[in-house]
Amino acid sequence: MNSNLTQGVSRRSFMRILGAASAAATSFPALAAVQAGTQAAAQPAARGNGMRGMQLSPDTVIISSNENPLGPAQSALTAICTTAPLGGRYHFDEYMKTVAVFNEQFGLKKDYSALFPGSGGPLDLALMSNIGPDKPLVYGDPSYEQGPRAADTMKAPKYPVPLTTTYAHDVKAMLKAHPSPGAYYIVNPNNPTGTMTPKADIVWLVNNKPKGSVVIIDEAYHHFSNDESCIDLVAQDKDVIVMRTFSKIYGMAGLRAGFAVARPDLIERFNIVGGPSRSLASISITSAAAARVSLQDKDLVPLRKKINSDIRSETLEFLTKHGYKIVPGSQGNMFMVDVKRPGKEFQAAMLKQNVAIGRTWSAMPNYVRVTVGTKSEMEKFQTAFVKCMDTPPGTANGAAELHLPEFHVPSELYRG
Ligand SMILES: Cc1ncc(COP(=O)(O)O)c(C=O)c1O
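Scoring rules and cut-offs
- Residues numbered from 1 in each chain as written.
- Predicted model: local features only at pLDDT ≥ 70, side-chain atom pairs only at ≥ 80, totals over all residues.
- Heavy atoms only, no water.
- Helix = DSSP H or I, 4+ residues; strand = E, 2+ residues; numbered from the N terminus.
- Contact = heavy atoms within 4.5 Å.
- Areas by Shrake-Rupley, 256 points an atom, 1.4 Å probe, with all protein chains shown as cover.
- Near = heavy atom within 4 Å.
- Polar contact = N/O pair within 3.5 Å; in protein donor to acceptor, adjacent residues only side chain to side chain.
- Nonpolar A, V, L, I, M, F, W, Y, C, P; charged D, E, K, R; others polar.
- Buried < 20%, exposed > 50% of the residue type's maximum accessible area, 1.4 Å probe, protein only.
- Core = buried A, V, L, I, M, F, W, Y, C linked by side-chain atoms within 4.5 Å.
- Domains from an automatic or database assignment.
- 1 Å grid on protein atoms, 1.4 Å probe; cavity = no way out; pocket = protein on both sides within 12 Å on 5 of 7 lines; lining within 4 Å.
- Points joined across faces, edges and corners; volume = space filled by probe spheres on them.
- Phe/Tyr/Trp six-rings, centres within 6.5 Å; stacked < 30°, edge-to-face > 60°.

Once that is clear, we can look at the overall build of the protein. A tally of regular secondary structure across the protein gives 17 helices and 11 strands. Residue pairs at least 24 apart in sequence account for 73% of intrachain contacts in the protein once pairs closer than 6 positions are excluded. For the protein, the accessible area works out to roughly 17,500 Å², and carbon and sulfur atoms hold 56% of it.

Put into structure tokens, the structure is as follows:
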């Protein structure tokens, strides 16, 4: 790990932020059991077998679902321990306290945000409450599939718009795609490419879009990037819904916490789709508390952002130096690489080498998405990658077949 990383951050807070403070477990006996559990949960096999029904070898490197290998911060684990004994009661105030901290940090008025267990559920509500048979969805291609999936559910016409040559959302083309869509869906940084759409372009779309439509900006990976958030557009009462999650930089994918940020009337509209916002808003008190202290943990985001960007740069440098073609400009915890054969075939070959990489997109079928793991995970990735690339396409016979669900929606297994 880069020694510069600890500059300006004490060892204690460094470990706390990483979520791996075995020292804390010793001096804080109540935490020891939790920590043991956390460390077990961080083992690849435990994650893979448990969540996707796949039989993976215990040493499999899992860099397939844009999770954070560091897991929750120590402050979050401590908050969970403190809050869990209160779990016999509903304690809506944990929810309220976390929403208040979030609103204060972003200068939002009361009722301009809502806290959910993860962001995938409220993303469905945001999409589905604004699209329908006569209200199409306009979205980037390739991008996160939950947009088109929601359009299918709502029988809304789909208008995929290719990304620009710099892999940004092409907002001018998105505006031209249909005269009166229900929603525009922008993922920034984009999943799977990790690339950015300039904020000025998003503001332009918001200011020029037809009346009656909303712009949904999915900032699941925002904390890894250098660009400005679009949450201020919500504070300005624009027709915008911003999604935030604790699954990525905060390492809480399994704990589930996320925010929908929008004008109260837009959040109220979530109830159009069968009133699920009430049930979906039922975040556990432990996750609400873990989310709150993570927000208040000032060093957490800068430190983890640096860890991710250092390891991403090293990996991309390795791939480029060896002549492999990558999608440039990722500011996320993922990147795409050209494997010069059907991505699915390559994914299966990598799994045979005990490295589970991400999926492929039909707009870029010869590219695979790879999540940035730890330094040692990425070293294993590099070795396996070169080996698989050196094997001619079509010859990886007997490669394990991956049976992953195609989309991430609340009713399906998680896949990121
Ligand atoms: C762009 C994007 N949005 C939303 C989600 C949903 O994440 P979660 O439900 O864990 O908050 C994901 C998950 O990977 C994602 O990549």
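Still to come is the rest of the account.
What surrounds the ligand is a group of 16 residues, the closest being S119, D218, Y221, T245 and S247. The separation between an oxygen atom of the ligand and a polar side-chain atom of T245 is 2.5 Å. Between the ligand and the protein, one listed contact pairs an oxygen atom with a side-chain N or O atom of R256 at 2.7 Å. Contact with the protein chains hides 100% of the accessible area of the ligand, taken as 400 Å² for the molecule alone. Residue composition of the shell around the ligand, grouped by class: five nonpolar, eight polar and three charged.

What follows concerns helix α8 (residues 146-154). Among all positions in α8, only Q146, G147, P148, A150 and A151 are buried. Against the buried residues of α8 lie α7 (120-128), β3 (137-141), β4 (158-162) and β5 (183-187). Looking one or two places after α8, you find K155, whose phi comes out positive at around 55°.

Next up on the list: the nonpolar core. Counting residues in each nonpolar core, the largest one holds 72 residues, and the members touching the most others are Y185 and I216. Two domains each put at least three residues into this core: domain 1 (78-296) and domain 2 (300-414). For I216, the residues in contact, after removing those within four places along its chain, are L123, A126, L127, A183, Y184, Y185, I186, I241 and M243. Judged by nonpolar contacts, the second largest core, of 28 residues, contains I63, Y324, M350 and F385.

Our next topic: the layout of surface pockets. Of the voids in this model, the second largest pocket is the one considered here, and its volume is about 690 Å³. Taken together, 26 residues line the second largest pocket, and the ones lying closest to its centre are F92, Y95, M96, A114 and A281. Counting residues per element, the ones that place at least two in the lining of the second largest pocket are α6 (92-106), β2 (113-116), α12 (264-268), α13 (276-280) and α14 (285-296). For the lining of the second largest pocket, the per-class residue count stands at 15 nonpolar, seven polar and four charged.

Counted under the stated rule, the structure contains 10 aromatic pairs. Between Y324 and F385 the ring centres are 4.9 Å apart and the planes differ by 85°, which places this aromatic pair in the edge-to-face class. Here the residue Y324 occupies a position in the loop between α15 (300-321) and β9 (334-338), and F385 occupies one in helix α17 (residues 375-390), the gap between them amounting to 61 residues. A relative accessible area of 15% places Y324 in the buried class. Ring centres of F335 and F381 lie 6.2 Å apart, and the angle between their planes is 70°; on these two criteria the pair is classed as edge-to-face. Of this pair, F335 sits in strand β9 while F381 sits in helix α17; the two residues are 46 residues apart in sequence, bridging distant segments of the chain.

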